[in-house]
Amino acid sequence: MRKSNILGKRKSKKVSLLQKKRGKAPGTITYMGNREKERSTVKIMEYNADMEQEFTPKSVAEIDMHTKPGTITWIDVAGLTDEAFIEKLGKEFGLNPLILEDTLNIGQRPKIDEYDTYIFGIFKMLYLNENNELVLEHLGLVLLDDSVMVFQEEPLHDVFDGVRERIRSKTGRIRYSGADYLFFALLDSVIDNYFVVLENINLNIETLEEEVYQNPTPETAIKIQQLKKEVLKIRRLIYPVKELISRLIDTENPLITKDTKLFLRDALDHSVEINETLQIYREMSMSLLEMYMSNISNKMNEVMKVLTIMASIFIPLTFIVGVYGMNFDHMPELHWKYGYFGVWGVMILLFVGMLIYFRRKNWI
Amino acid sequence: MRKSNILGKRKSKKVSLLQKKRGKAPGTITYMGNREKERSTVKIMEYNADMEQEFTPKSVAEIDMHTKPGTITWIDVAGLTDEAFIEKLGKEFGLNPLILEDTLNIGQRPKIDEYDTYIFGIFKMLYLNENNELVLEHLGLVLLDDSVMVFQEEPLHDVFDGVRERIRSKTGRIRYSGADYLFFALLDSVIDNYFVVLENINLNIETLEEEVYQNPTPETAIKIQQLKKEVLKIRRLIYPVKELISRLIDTENPLITKDTKLFLRDALDHSVEINETLQIYREMSMSLLEMYMSNISNKMNEVMKVLTIMASIFIPLTFIVGVYGMNFDHMPELHWKYGYFGVWGVMILLFVGMLIYFRRKNWI
Amino acid sequence: MRKSNILGKRKSKKVSLLQKKRGKAPGTITYMGNREKERSTVKIMEYNADMEQEFTPKSVAEIDMHTKPGTITWIDVAGLTDEAFIEKLGKEFGLNPLILEDTLNIGQRPKIDEYDTYIFGIFKMLYLNENNELVLEHLGLVLLDDSVMVFQEEPLHDVFDGVRERIRSKTGRIRYSGADYLFFALLDSVIDNYFVVLENINLNIETLEEEVYQNPTPETAIKIQQLKKEVLKIRRLIYPVKELISRLIDTENPLITKDTKLFLRDALDHSVEINETLQIYREMSMSLLEMYMSNISNKMNEVMKVLTIMASIFIPLTFIVGVYGMNFDHMPELHWKYGYFGVWGVMILLFVGMLIYFRRKNWI
Amino acid sequence: MRKSNILGKRKSKKVSLLQKKRGKAPGTITYMGNREKERSTVKIMEYNADMEQEFTPKSVAEIDMHTKPGTITWIDVAGLTDEAFIEKLGKEFGLNPLILEDTLNIGQRPKIDEYDTYIFGIFKMLYLNENNELVLEHLGLVLLDDSVMVFQEEPLHDVFDGVRERIRSKTGRIRYSGADYLFFALLDSVIDNYFVVLENINLNIETLEEEVYQNPTPETAIKIQQLKKEVLKIRRLIYPVKELISRLIDTENPLITKDTKLFLRDALDHSVEINETLQIYREMSMSLLEMYMSNISNKMNEVMKVLTIMASIFIPLTFIVGVYGMNFDHMPELHWKYGYFGVWGVMILLFVGMLIYFRRKNWI
Amino acid sequence: MRKSNILGKRKSKKVSLLQKKRGKAPGTITYMGNREKERSTVKIMEYNADMEQEFTPKSVAEIDMHTKPGTITWIDVAGLTDEAFIEKLGKEFGLNPLILEDTLNIGQRPKIDEYDTYIFGIFKMLYLNENNELVLEHLGLVLLDDSVMVFQEEPLHDVFDGVRERIRSKTGRIRYSGADYLFFALLDSVIDNYFVVLENINLNIETLEEEVYQNPTPETAIKIQQLKKEVLKIRRLIYPVKELISRLIDTENPLITKDTKLFLRDALDHSVEINETLQIYREMSMSLLEMYMSNISNKMNEVMKVLTIMASIFIPLTFIVGVYGMNFDHMPELHWKYGYFGVWGVMILLFVGMLIYFRRKNWI
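Quick notes on the rules
Here the residue numbering is sequential within each chain, running from 1 through the sequence in written order. In the order they appear in the text, chains get letters beginning with A and ligands get numbers beginning with 1. Note on the predicted model: pLDDT of at least 70 is required for a residue's local features to be given, and 80 or more for side-chain atom pairs to be given and counted; whole-chain, interface and lining totals, by contrast, use all residues. With hydrogens and water set aside, each side-chain value is computed from the structure's full complement of heavy atoms. Counting from the N terminus, the helices are the DSSP runs of H or I reaching at least four residues and the strands are the DSSP runs of E reaching at least two. The globule rule used here is 2.2 Å times the number of residues to the 0.38 power, and the radius of gyration it is set against is calculated over C-alpha atoms. Residue exposure (1.4 Å probe, protein chains only): buried if accessible area is under 20% of the type maximum, exposed if over 50%, otherwise partly exposed. Whether two residues touch is decided by their heavy atoms; if any such pair falls within 4.5 Å, the residues are in contact. Exposure was quantified through the Shrake-Rupley algorithm and a 1.4 Å probe, taking into account, for residues, occlusion by the shown protein chains and nothing else. Charge assignment: positive for Lys and Arg, negative for Asp and Glu; neither His nor the chain ends contribute. Throughout, a charge is located at the NZ atom of Lys, the CZ atom of Arg, the CG atom of Asp or the CD atom of Glu. A least-squares fit on C-alpha atoms brings the copies together, and the residues used are those whose pLDDT is at least 70 in both copies. In this description, a nonpolar core means a group of buried Ala, Val, Leu, Ile, Met, Phe, Trp, Tyr and Cys residues linked to one another through side-chain atoms lying within 4.5 Å. Any carboxyl oxygen of Asp or Glu that lies within 4 Å of a side-chain nitrogen of Lys or Arg is treated as forming a salt bridge with it. Charged residues are taken to be Asp, Glu, Lys and Arg, nonpolar residues to be Ala, Val, Leu, Ile, Met, Phe, Trp, Tyr, Cys and Pro, and polar residues to be all remaining types, Gly included. Residues forming no salt bridge and having over 30% relative accessible area are the ones grouped into patches, like charges within 9 Å of each other and nonpolar side chains (Val, Leu, Ile, Met, Phe, Trp, Tyr) within 5 Å.

Peer 1: For this particular structure, what's the right way to read the overall build of chain A?
Peer 2: The number of helices and strands found in chain A is nine helices and eight strands. Its C-alpha radius of gyration of 34 Å places chain A more than 25% over the 21 Å reference for a compact globule of 364 residues. Considered along the principal axes of its C-alpha atoms, chain A spans approximately 120 × 45 × 30 Å. A total of 364 residues make up chain A; the buried ones form 63% of that total. Residue pairs at least 24 apart in sequence account for 66% of intrachain contacts in chain A once pairs closer than 6 positions are excluded. Summed over all atoms, the accessible surface of chain A reaches about 14,400 Å², with 55% contributed by carbon and sulfur. Within chain A, the 51 negative side-chain charges are centred at a point lying 7 Å from the centre of the 46 positive side-chain charges.

What follows is the structure, given as structure tokens:
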């Protein structure tokens, strides 16, 4: 689980964009992430219109044993560090090693690969955890004839609880549809969560906007910069999804029925909307820095005006009093009876004149 | 009805760009907006070349009862919060639940979906209300064989009054044409209103331009920023329309006749024009901020010049009078008869010299 | 005739980009511009390889009466406010009302519509009038089997005089070619005028460039902004032409012969060149503002340097003379014989040292 | 020959981008440039694998007389002002007048037109002359069945000398190949020269970069601007070449053999590289101005720091000495024995304190 | 081996982007780089599922002698200056001279050319050497029926050691696959190294970011500029790879089997990822300069505030003490008993008032 909180500490940017084994042969199934090794946990859900059962198998063999014909099986694998188990599972279901490699490589970008008997997809789950931090999770989905396999990093948090609930409570059409509908429903959950993340970005933009308008500090610029990077990175993870769904809709693979394509069209709509929104957020975050700069310039202007007014008023006055501080033997004004008061008069006139001048210029 | 007045208070930006139910099954018909629940009101208009009648049914059954064959029926549903009614209506006319879901989801972007027996479109109505505030309304249009269904949010304001009037007064070809022409006429009304909104943006740009040239304040920058956001958002709502109309023109669906396509080509022209205009407005609003910045810089320059002139003239003079304020025992000038007046002479020369210098530099 | 002089008064921006009737039925033939109503004037030119005659008919019927078979007829209608006359003319020649609507709507963007027996085009004529002001004129062209109809706004100025002259003097191939060549020749005249307009923009850019380099004032920024808007608007009017000509070349409509397409290819070349040039002008005008800003910054730098030099030299000196203006009882220096001259010495050293320092820094 | 030296005098920008005759009939063969009229000079080179001869014919008839069957003839026409001669030559070889018009119109952009029996191309030759000035020359190439015609503006300088040498010395495959290989070889020479021009731009960029880093003056900004314009203009002349060569490779015209296409593919590679390089230069020149601006800001910062340090140190000290310059009757400090030295102590402390403060702020 | 260290000395930019022989006939095999002439060294690796042998032939003839049928031969040529040897080798294997020309021209951009019996590719190897300097190496790959030829510049460093090791140790499928898999494996090694280079750029960006936030100096701007150029240049070398691999996947050439295409699809994924990452780095490096500028502005603001505060406080006070330094005969305040202390009171009040004022303004 990689966390990146936009407005929080700036240090945790160890989330390298690039994760790649080097020198190894392609097709080697190795976990490519930062988590500690632990056993994968598997949850199985099996259902059709008539029944629904859930269980937690201990081994690959046990999975096979339990599943019955005429049902849809949802195999949910949480934890990607258990390479041996996942390799075994892949072999059991006849998956290409390249697929498993991509599944375990959390640096892999979103993709969809069609094989003869299954469709494989990599997506990125984005959600806000209980501390309102953005969490990025790598997700592998495999659609087979009558089952769907899900590989996720995180065993605890589960964005698929909604789908699970719908299966249990027989809400909507999910119990009456095939594995492809389940595949869609899971994908749809992932996309739904993107909206939450976008909403959160929107909030950040508005907060920063307020800050820029009210009380911009150098820290504000750094926050804007972080936001821009955040949007760039999220965009990179989400952007390909539209293209991928669009390919699913156009595929002639019989694994995806015409009915499900209707729903995928809806998901396509959503991903188009997400991309457009991200584009708008990108422009807004760029605008923020412009606003910030214009605000800095305004402040500078204000500072300069204060200085100029103070200096323009008092420097000439100081000159005048300096004149009568000179020690010449012959300075007639010094001996005038009202000389002193006369000087005050002149200075007050000058002072008022200056004020009027700056008032006219709209500086005060 | 979501109002957003560009130049007014900046607080009402609760118009979330993203509205989405999460965790619910796709196809669930739920109102996704901020309005209070109220009953939908339905207005029916039935006409052909020979007759025209209007009535307000109380129930779905009543609609069916009244409509006669050989006529075009325009069913206008105002108010999208009455989910039960709309679901019933949808079933009566055999509409896919996904359509109704999109109709009630006011966050849904513009789209056109073709089904076997009907064409469904989502558009965004934009108009200025009586207070000159921009109002955004979600609009669903369904074209069936001999009827058109309209779903709009707002029961009161009606941008379709013009069309209604043309039907009543038998103006133009509308009474002699099919349901597809009515569909076009409604779409055309919506697009016509976009022009009013654009005109209003244009006015705002010109007002701000004047403000930037004449008397820019930090508030001006905020207004420019608001304008940019406004244009971005409107563009997002209007932009897809061109593509959608173009698809209507290319469709082979028999619901749209060749004659109506000729008119749609005209509407396409208009939407191309709107998109180009929005593009120009976008560039103009970006230029505004540049102008603003250059203006701020100019003002700063002016401030600095005043300061520099005042300081450069009086600081040296103050130094001179300081010299003769010193208390050395042996300062021959102090005892010269015309020492004091000599110093004044020198200072006046310096003063005039400085003025000439700054004049030459074009600073004063 | 809408005039917009880039560098002249900024007030005449009433040239609304958007002109549209609202609430009216599509196909209504109404003049959509700002001119006063007046009668259209018609000039007919009839020619073939052997003969050429010109006349000015008083009514639509008269046109028909005069034209003979075996000739090319050029019907030139000047003045678009005479709706009744134009509608009658359209009916006589069997033109679709939508065409006439576009012809009279001076807000209509350039377009080409092909019908079975004629091709209709809307273009924008741009030329400099005798006062060197940019004039924009709306132009409708209809190519029929053996005639060309021209609708223009302005009865006086005529950019088509060159073509008329070539017909009269039998120059080039025009008298030996069909109506499509005449259509091309008129279009070619319009495009030729675009080059004059571009040349004029180029001149404005160079003038402004000179101004930015030599003596930029806040007015300069406004002029640059106006130029940018001007280029944006002209681009919008000219840009579609390339696409339209390219469509004429690809058409399979027999109205346009293979020979004329060769010439249209040449016109296409020109419109590509115009678009590229406008693109370059756009970038240049954006560069102008950058240059302006960098110039303002340079000036500010210069101002600041003057201030800093003056202040840095005289403030310390003033401090020194202040020291010896103090009235302490025990200030030994005051009583030294050469104290006063010693202080002068120190101050001159300081002064020279400062000068050397600033010289080294390349400030003076 | 139009010269434009980037870093030299800025006055010679009379090189109008747009050259076009107005009011003339298309197809009129007129020279459209700024050169003085002079006779064209023609050089003929005739060769095959066995022989090679060169001669300079005095008339069009003489050309025909000399050429023998079974050879490749290279007809090199230098000087485009001799309209009569070129028209005659064109007729002799059956060239379309439109071709000759484009050849003589030095404002014509690069193009390739295929006719039934020949292929015609316009290109722009760019090279540095002996004074290192950039020279732009208009070039027409015609590929016929067994001959190539070259039309160039400049009789003296010859970028084709390399090709001529290869023919004479029988280097490479040129003597064993057809006219299409000669056509390619000439085009290749032109493209090779583009690399020299690019290298020169690169040099200018590096020189300016050095200037921006070391010693930026307002002149530097103007030079950067000139460079940007230069790159824009060159790009416009070179950019289309890639597309044109790509069309030559895809053509099914038998004039170009499969073998030559292999070589053209190589030329295509080069033109892609040139376009990419120009793109990079464009971005670099834009970066230059940014760097310049950041440098100006840095300098301003430095200036301001000097001012602030001087003022912040000496203004308070001046205040202190001012205090003891007051003439109150009762000022006890004045009569203290060590009052004067005490004040000096305070002032030195203040001075040192200030220095430490600014040191901490990293200003000095 | 051309080294370019981003953050190191800026002088070594002699890496001309453009390397091209001029005036020579196309197809001439000449080394186009900066290295000293030296003999090429050749390493041969021959293997199949059953055996593996390596040897270093002394001549071209020796290569032929050793290779046996039924094996895959990997011919690795290091050093591109030995033109004669490479020409001989090319002839022996029937390679087109154009290929060898491209191989020796280190300025050649990445490309793939398919011939009837072999596929030829140019790529750019990028890696960090032991001193962490970026090294760019030109690489030619030829895929023949049962052998792969590799041409590299640098005899010492070898990014292909990993592949060699896999062959020796029979890791993965390489020993069981054809020459096309070897070709893929080499290409994959090259792409893997791109990731290291990207990681290094990422590090540089983060270092600069830190510098911009903490302690920006004019040097920082130069470093940012260098980084931008570096990214531009690397992008230019890497960008085409995606397109080339995509063409390899689409080819119908039997040299590349369907199995290997599956692996190439993986390599395509990686190159897409690299391009996206470079795009992000480009945007980030542009953001860096913006941040730098905003930081400079902030610093200026801070400087100005210090100046303004100091001047605004002490200039008025200096004026006051100046007043009582005047030498008028009649200045009643001078003779008041508590005059002096009263003045101090006024001045302290003023001082405190000023402090409060600036505090309120949030300046201190």
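Peer 1: When you look at the relation of the copies chain E and chain D in this model, what are you seeing that I'm missing?
Peer 2: The operation linking the two copies of the chain is a rotation about an axis combined with a translation along the axis. Expressed as a screw operation, the relation of chain E to chain D combines 0.1 Å of axial shift with a rotation of 72°, fitting to an RMSD of 0.1 Å. On this basis, the relationship between the two copies can be described by a five-fold rotation axis. Considering only C-alpha atoms, the part of chain E nearest the rotation axis is E:Gly325, at 4.6 Å. An overlap of only 18% is found between the interface residues of chain E and their copies at the interface of chain D, pointing to separate contact surfaces.

Peer 1: Just to check I follow, could you spell out the environment of B:Lys233 for this structure?
Peer 2: Its place among the elements puts B:Lys233 in helix α6 (residues 218-250). It is 18 Å that separates the C-alpha atoms of B:Lys233 and B:Asn132, two residues lying 101 residues apart in sequence.

Peer 1: Even after reading the chapter, I still don't get the nonpolar core, so can you show me in this structure?
Peer 2: Burial of nonpolar side chains together is a common tendency in soluble globular proteins. A:Leu182, B:Leu182, C:Leu182, D:Leu182, E:Leu182 and E:Ile201 are the most contacted members of the largest nonpolar core, which totals 503 residues. The residues touching E:Leu182, leaving out its near neighbours within four places in the chain, are E:Tyr47, E:Ile72, E:Trp74, E:Val148, E:Val163, E:Ile167 and E:Ile174.

Peer 1: Is there a simple way to explain the interface of chain E and chain D in this structure?
Peer 2: Interfaces are often sized by the accessible area lost when the parts come together. Counting residues at the interface gives 67 residues for chain E, matched by 65 residues for chain D. Here chain E is connected to chain D by 10 salt bridges. When the shortest N-O distance is used, the salt bridge between D:Glu290 and E:Lys228 registers 3.1 Å. Sorting the residues of the side of chain E that touches chain D by element identifies α3 (97-104), β5 (111-114), α6 (218-250), α7 (258-323), α8 (332-335) and α9 (339-360) of chain E as the ones contributing at least two each. Of the residues forming the side of chain E that touches chain D, the biggest block, 19 residues, is contributed by α7(E). In terms of residue class, the side of chain E that touches chain D is made up of 34 nonpolar, 12 polar and 21 charged.

Peer 1: What exactly am I supposed to notice about the relation of the copies chain B and chain A here?
Peer 2: For the pair chain B and chain A, the best superposition has an RMSD of 0.1 Å and corresponds to a rotation of 72° with a translation of 0.0 Å parallel to the axis. The fraction of interface residues of chain B whose copies in chain A are also interface residues is only 18%, indicating that the copies meet through different surfaces.

Peer 1: Honestly, a nonpolar patch on the surface in this entry has me stumped. Any pointers?
Peer 2: Residue and element names in this part refer to chain A. Judged by side-chain polarity, Ile348, Phe351, Val352, Leu355, Ile356 and Ile364 come together as a nonpolar surface patch covering roughly 470 Å² of accessible area. Relative to the helices and strands, Ile364 resides in the segment after α9 (339-360). On the basis of relative accessible area, Ile364 is assigned to the partly exposed category, the value being 41%.

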